[in-house]
Structures are given as C-alpha cells and as structure tokens.
Amino acid sequence: MSRGILYTCDLICYGVASPVAFQDYISFLEKHSGKVVKQYIHRGFGLKTGEGAKIVYEDGTVEQDTLETNLWSRLWYHYLVRESCYSCKYHSLDRPGNITIGDYWGVEKVLPGLKDEWGVSCILVNDEQGLALLDQAKEHLELHKTSVSDVANAAQPMLFKQPEDDRQNIFWKAYDKGGFEGACASLGFLSRKKSFEEIRRIVKSIAKRIAERMVKQIVKRKAPMAPRSFASALREKASVNGEVRNNELKEARKGVGDFKNGDGSSERDNEKSECSNEPSEVSRQGNFPLAYAAKHSSEATRKQSSSGGVFYALAQTVINQGGVVYGCAFDENHKAQHIRCETMDEAVRCMGSKYSQSDLGDSLEKVNEDINAGRNVLFTGTPCQIAAVRIVCEKRKISEPFSKYKVADISDVGNESDTGNTGNEGDTDNSGNESGTGSSSCEETLNTIIPELFSGPNKCCGCMACSALCPMGAIEMRPDSKGFMYPYINSSLCTGCMKCERSCSFKVHSSSNI
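Here the structure is a predicted model, which is why all the values come from computation and not from measurement.

Quick one: what's the story with the sheet that holds strand β4 (residues 62–64), residue by residue and with numbers?
Taking strand neighbours across the sheet as the criterion, the 3 strands line up as β2-β3-β4 in an open arrangement whose pairing is antiparallel. In the strand order of this sheet, the two ends are held by β2 (37–41) and β4, each with one partner. Taking each pair of neighbouring strands and ignoring which way they run, the sheet shows an average axis angle of 15°. Pairing of strand β3 (residues 54–57) with β4 involves 3 bridges; the strand directions are antiparallel. Across the sheet, residue Lys-54 finds its bridge partner in β4, namely Gln-64. Across the sheet, helix α1 (residues 19–33) lies against β2 and β3, angled at about 120° from β2, the strand it touches most.

With reference to specific residues and values, describe unusual backbone geometry.
For the peptide bond that leads from Phe-288 to Pro-289, omega is 0°, which places it in the cis range. A positive phi angle, close to 65°, is found at His-334, a residue other than glycine. Take His-334: it is sitting in the loop between β9 (324–330) and β10 (336–341). Accessibility expressed as a relative area gives 9% for His-334, which makes it buried. Unusually for a residue other than glycine, Met-464 sits at a positive phi of about 80°. For Met-464, the position within the fold is in the loop between β13 (448–451) and α17 (465–469).

Hey, could you go over the confidence of the model for the protein chain for me, with residue numbers and the actual values?
On average, residues of the protein chain score 76 in pLDDT, and 68% of them reach the 70 mark or higher. Taken together, the stretch residues 398–431 has pLDDT below 50 and engages in 130 contacts with residues farther than four places along the chain or on a different chain. Low pLDDT, under 50, characterises residues 509–514; the stretch is placed with 22 contacts to residues that sit more than four places away or in other chains.

I'd love a proper account of a nonpolar patch on the surface, names of residues and values included.
On the surface, Ile-206, Ile-210 and Met-214 cluster together into a nonpolar patch covering about 260 Å² of accessible area. Here Ile-210 shows up in helix α7 (residues 196–222).

Please give an account of the packing of α1 against helix α6 (residues 168–186) that cites residues and values.
Running from amino to carboxyl end, α1 crosses α6 at an angle of 30°, the nearest separation of the two axes being 11 Å. Judged by the angle between their axes, α1 and α6 are roughly parallel. When you trace α1 past α6, the crossing you get is left-handed. Here α1 contributes Val-20, Ala-21, Asp-24, Tyr-25, Phe-28, Lys-31 and His-32 to the contact with α6, which in turn contributes Trp-172, Tyr-175, Phe-180 and Glu-181. Among the residues making up the contact of α1 with α6, the classes are represented as 7 nonpolar, 1 polar and 3 charged.

Tell me about the pattern of salt bridges, residues and numbers included.
Under the counting rule described, the total for this entry stands at 12 salt bridges. Across the pair Asp-116 and Lys-295 runs a salt bridge whose closest N-O atoms are separated by 3.3 Å. Taken as a pair, Asp-116 in the loop between α3 (107–110) and β6 (121–125) and Lys-295 in strand β8 (residues 290–296) lie far apart in primary sequence, 179 residues in all. Owing to a relative accessible area of 14%, Asp-116 belongs among the buried residues under this scheme. With relative accessibility at 9%, the residue Lys-295 sits in the buried group.

Give me the lowdown on the sheet that holds strand β7 (residues 141–146), citing residues and values where you can.
With mixed pairing, 8 strands are arranged side by side in an open sheet as β7-β8-β6-β5-β1-β11-β9-β10. For this open sheet the edge positions go to β7 and β10, each flanked by a neighbour on one side alone. Strand-to-strand, the axes of this sheet are offset by a mean angle of 25°, without reference to chain direction. Note: β6 against β8, 5 bridges, orientation antiparallel.

Conventions we followed
Residues numbered from 1 in each chain as written. Predicted model: local features only at pLDDT ≥ 70, side-chain atom pairs only at ≥ 80, totals over all residues. Heavy atoms only, no water. Pairing = 2+ DSSP bridges. Helix = DSSP H or I, 4+ residues; strand = E, 2+ residues; numbered from the N terminus. Axes fitted to C-alpha atoms, helices over the stretch in contact; angles between N-to-C directions. Contact = heavy atoms within 4.5 Å. Buried < 20%, exposed > 50% of the residue type's maximum accessible area, 1.4 Å probe, protein only. pLDDT = per-residue confidence, 0-100. Patch = residues over 30% accessible without salt bridge, like charges linked within 9 Å, V, L, I, M, F, W, Y side chains within 5 Å. Areas by Shrake-Rupley, 256 points an atom, 1.4 Å probe, with all protein chains shown as cover. Salt bridge = Lys/Arg side-chain N within 4 Å of Asp/Glu carboxyl O. Parallel < 35°, antiparallel > 145°, perpendicular 65-115°, else oblique. Left-handed = near helix turned anticlockwise from the far one by under 90°. Nonpolar A, V, L, I, M, F, W, Y, C, P; charged D, E, K, R; others polar.

Here you go:
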C-alpha cells in the first residue's frame, strides 16, 4: 500500500494564550450572567470583520459586544501570551508549512474590489507541494495574485517582527494576589472608563507611530530609495529561499517519475493548469513563496470563517479525496484541542479563531497512522505545531513526496526548545527531570546521560515532538500554572538516546531554512 501525502498549513500567529486564563474567563462570564456558556465566538461563525465577540448561552440567549464579551480580546493579546512566542522564529517569512494562511489586513489598499465584510485571506505558497494543493482547491476559491511585500505589511506585522513583551508580568502578579477577576479589575479592564494602563498603552502606541513616521521622513530626505528597501529585502529573501527549496524538491524527485498530486495528476498536468495568475508557471522560476489574496466562492462559508474561508477550501479538497483533516476546535468544556476530521461537518468545528493554545493529544501519532494507511492528511496549526508534525513524520520515516527536511541535518542539531522552567512544584528540578540535580546541561544516571529539558519557559513552545518521538515513553507533557504544556523526563525510563534533543522543533531548522 502506498503511503498518503502530508499537506501542512501553518497559521500566521501572534502567539498562543494561557489555557488556564481562558477557562477562568469562561467562569467569569458564567458568574456574571448567571448562565452556562455554550459557545464563545471571537472570530467567524457569523461575525463580520471588526465586530465584537459573541457569547451564546445554553438557554439560547446571545450577548455581544459588551465589556464582558470583549474582555478576552482586550486582555490576551498583551498579557497572556506564552513566553516562547516572544522569541518565535516564525514571525518571519521562514514558514514551516507547505501553505501559510491568515488575515489579509490592508487588502483594500492592494485589491480594493476584493474587500469583503466577512474577511479576506492571504495565502503564502511555500513550495511545490503547497502549490499542488492550492491548484486542486482553486475551484472553491476566488484567487488573486499579489506580492509578498503586500502581504507582509505594517497591518500584518507578524510576518516580519516578534510581539513585544512588555506587560506579561503585570497581569500574573495581579493574578497571584486576586485571581482572574481581581487581576482584570486592578488593571482597569472591568471599568467602563479607560484604565490608566490602557491610556498608557495608547499614548505609547501613538508616540511610537509618530517617532517611526519622523524617522521615515528623515530617511526619505537623505536617501530617496530607502523606503523601498524593506519590500526589496522581502522579495530577495523570498526568491533565494524559493530557489533553494525548488532545487531540493527536484533532487528528492529524481528517479521517481512525475510528481503525483492527491488527485493522481502529475506535475506536468499542473504546469498546464490555469490556477489564477498561472502559479505553476511562476513556481518554475524558483520564486517561492508565492502570495495570493483569496476568499471562498460561497458566502455562507465565508460567514462561518475568520477571514475568507481558505481553510474550508483546503479541507474540502483533502476530504473529498478520502483524506483526513486535523485542526483546532473547542470541546464541550471550551478547551482548545486538535481533532481528527473525516467529514466536512467535523471540519467546520475547526473554523473560526481560538485564542488559546490547543492540546495536540495523540494527533502526531494519528497522523502517522493515517499516512501509513494510504490516506492524505491536511494538518493545520500554529507554526511550531506544523514544524513538530513534519519532524515526527520524518523521524518515523513517513516522508512526503518532496520532503523539506533532511533527517541527517536534523540529527546533527542540538536541543534548545526543551529548556523552560514550567513553574511546577514538587520533586521536579529545573532540568525537567523527575529526579536529578539540574546543575549541568545533562544529568548522568547509571552511565545514562539524561537530557536537560528546562532552563526557562521562553525556550519551549510545547509542540510535543520530543514526547511523540521518545521510544521509551519517558517524556510526559505537564501543564504549568498557566496551563502551558512542558515536557518532563522520567529518569528511570530514559535510555539517553537524545532523540528528544534532536527532534526539538523550537530549534530545528529545515535544510532549506523554511
């Protein structure tokens, strides 16, 4: 039986928010309403772009755009992001997925006729496999070619700079004293008037914009060509990375004949395809990533989506081929978790935004089972989750037709990700080991070198790759006080094989500098 194809789609991501704080927020809503929350909707599921969040209660009543319903969106973005997100390497054009999707902020300036009240998606196609998937999904989409520099614009800063860590500790110090509601009250989030903290943030933001504008004006007077340098740098970087990736894909393809897509068509068929603006022709020039603006052709689908419905189109394509889709959904307790979908009714649960880090559960293992069974898989998630699933598939020799990762290169890379102090109490030391001194980078027990997994929470994204690949089942994922998952080693089970270090998605770069 031939193996299935793994398609990966990473999301343009600011960061992931504390699962514990989100559960506290749901409890806060229920306390103040006296009702049971059935559904929290921040984006998608009937909300137009820019509309306030909506809460649907069990009794059928709806609350929208109130101080309470908008509290989470005002809070998490600046106060509740995982610490490793502030140093994430994927706040750039170096993407781990075959395809990258997100909001196309500023699309009205580039393609004014495409603007839609339900949102428009931007798409970055990062390699030929992503191009093949988009070519198959294009029948469901209104697709327009655009430039990488237009996508990575000032309104979409997550593609060229990391978030600023300036208020994380303020909230958690207040939380330790007064819990979730007490922290929100002390920071002024429960007042109808703007808090001192909000005023400070607004003033700081205005001052920053004024300073940036003044710098641009000075630079423009001294060097007229300077304003175009950023866009030029983006194009140059995209061109170089795309050429490297294309060369590797061609090398991997030697001797295996035409590249076959999920629908059985060959690469030559793709070269003749008429995907909007002929992306197949562009790909042969080595210009990855390719950038598109897109929205689903069905308005009903766009209403359900966060921004345009591209995920739905990709999921339709894979499921219609008999494949499987993995994505993030809320369970009945409003906890974000990755689920496996074989039907579009199931995939609909993955639409909309969930601003809380999802629990991957056994998804990484299930993906391998599906691929071994000959089923195509679309895996969507944050960039670190996408990097993890690709590494796990490579390590288990479930390779894609055009693999971005070279296992030999990954094996030579040491660990940086598994080094985060989770804040858990008890008999676990800073190294993330069940028993040990934590005084050096590795612990030696009965001639077995135990890897160090922790030195600070900013060095682990909780992607679970190390846990999924441990042959002895010696690594357990545990939540810290904020609900973020971190790996711990059971020293009595560890053989010192170091697979956990070599599989760390927080540090591992593909050979093509994804």
